[in-house]
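# Report on the structure
So the chains spell out like this:
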Amino acid sequence: MHIDGLSVRFGAFTAVDSVTLEVPPGRVVGLVGESGSGKSSLAKAVCGLVPHTGRVTGASRVQMVFQDPYASLDPRMRVAESVAEALLRMPRQARPAEVERLLGLVSLPAEVAARYPRELSGGQRQRVAIARALGAEPDLLVADEITSALDVSVQGAVLNLVRSLRDRLGLPILFISHNLAVVRYVCDEVAVMHRGKLIEHGPTESVVGSPAQDYTRALLEAVPRLRR
Ligand SMILES: Nc1ncnc2c1ncn2[C@@H]1O[C@H](COP(=O)(O)OP(=O)(O)OP(=O)(O)O)[C@@H](O)[C@H]1O
Ligand SMILES: [Mg+2]
């Protein structure tokens, strides 16, 4: 997926300023930057959820997963129905088996299909949201702070799931997080946003190990563990 000269304006304010970025197949590209730097605005523009200028090519079916899985799952629908909603292109009788396959893909047992979102843990709900996104056969997954609302104990499992989706499906993933430890764990590349502009982009180890920009260095210093 290529983002070319993408800008998002809210009235006179420019939230995303001429960003050019590529997310190659089988790569997880991290997008970091302080609160308000334009990460979610960029993500929403890529998904066609906010008006923008510039071009997004090479991704026709983009699926987004959000921080709060409650926002994307209907509390009145059982897991099976929620996931099956993404499968309307399939004949009705083929959907239950596909729901089961998708739940397996995100390491959820088949019995979860009969439950309501409130009967699941936060991590399980997030897996259902991911299963649902995968059901739409995306050619790009955009994950916006998908572990931020989760207990530390289940964050790791969701992060491992992201890595395994990259490895098993070759799915390109744009992974937004303010947590650089998380980014370092899952991302092959890191792009740094500052006031709407992309100011640095490279392989995770080089951006984290020897940042070119003072701003990136300051972001990293807020996470002392990474600087050892
Ligand atoms: N619908 C909107 N209307 C007006 N301004 C907006 C709108 N959405 C976002 N903004 C502004 O655009 C800027 C970027 O917001 P955005 O949500 O993209 O930041 P972010 O990097 O995702 O921050 P966070 O880490 O807090 O999620 C902010 O100043 C925000 O107030
Ligand atoms: Mg955001």
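To be clear, the structure that these remarks concern was listed above.
Note that this is a predicted model, so its numbers are computed, not measured.

With that settled, the discussion passes to the nonpolar core. By size, the foremost hydrophobic cluster in this structure holds 48 residues, and its most contacted members are I130 and F175. Ranked by the residues each element gives to this core, the list is headed by helix α5 (residues 122-135), at six residues. Two domains share this core, each providing at least three of its residues, namely domain 1 (2-60 + 139-226) and domain 2 (74-121 + 128-135). In contact with F175, other than residues within four places in its own chain, are V28, V29, G30, L31, A143, I146, L159, V162, V182, V186 and C187. Core analysis: the next-biggest nonpolar cluster, separate from the first, contains 25 residues, V8, C47, V62 and L140 among them.

Next up on the list: the pattern of salt bridges. Counted according to the given criterion, the structure contains ten salt bridges. The partner of D17 in a salt bridge is K197, and the shortest N-O contact between them spans 2.8 Å. Highlighted residues: D17 in strand β2 (residues 13-22) and K197 in strand β9 (residues 197-203), separated in sequence by 180 residues. Taking the relative accessible area as the measure of exposure, D17 reaches 23% and is therefore partly exposed. A residue is classified by how much of its surface remains accessible, and K197, at 42% relative accessible area, is partly exposed. A salt bridge links R89 to E137; its shortest N-O distance comes to 3.5 Å. Of this pair, R89 sits in the loop between α3 (79-84) and α4 (95-105) while E137 sits in the loop between α5 and β6 (140-144), and the two are 48 residues apart along the sequence.

It is worth spelling out α5 at this point. End to end, α5 covers 20 Å across 14 residues, agreeing with the expected 20 Å (1.5 Å per residue, within 8%). A large share of α5 lies buried, amounting to eleven of its 14 residues. Taken residue by residue, α5 has G123, R125, Q126, R127, V128, A129, I130, A131, A133, L134 and G135 as its buried positions. Buried-residue contacts for α5 involve β5 (62-65), α2 (69-72), α3, α4, β6 and α6 (152-169). Downstream of α5 by a residue or two, E137 has a phi angle that is positive, lying close to 50°.

Cut-offs used in this document
Residues numbered from 1 in each chain as written. Chains lettered and ligands numbered in written order. Predicted model: local features only at pLDDT ≥ 70, side-chain atom pairs only at ≥ 80, totals over all residues. Heavy atoms only, no water. Core = buried A, V, L, I, M, F, W, Y, C linked by side-chain atoms within 4.5 Å. Buried < 20%, exposed > 50% of the residue type's maximum accessible area, 1.4 Å probe, protein only. Helix = DSSP H or I, 4+ residues; strand = E, 2+ residues; numbered from the N terminus. Domains from an automatic or database assignment. Contact = heavy atoms within 4.5 Å. Salt bridge = Lys/Arg side-chain N within 4 Å of Asp/Glu carboxyl O. Expected span 1.5 Å × (residues − 1).

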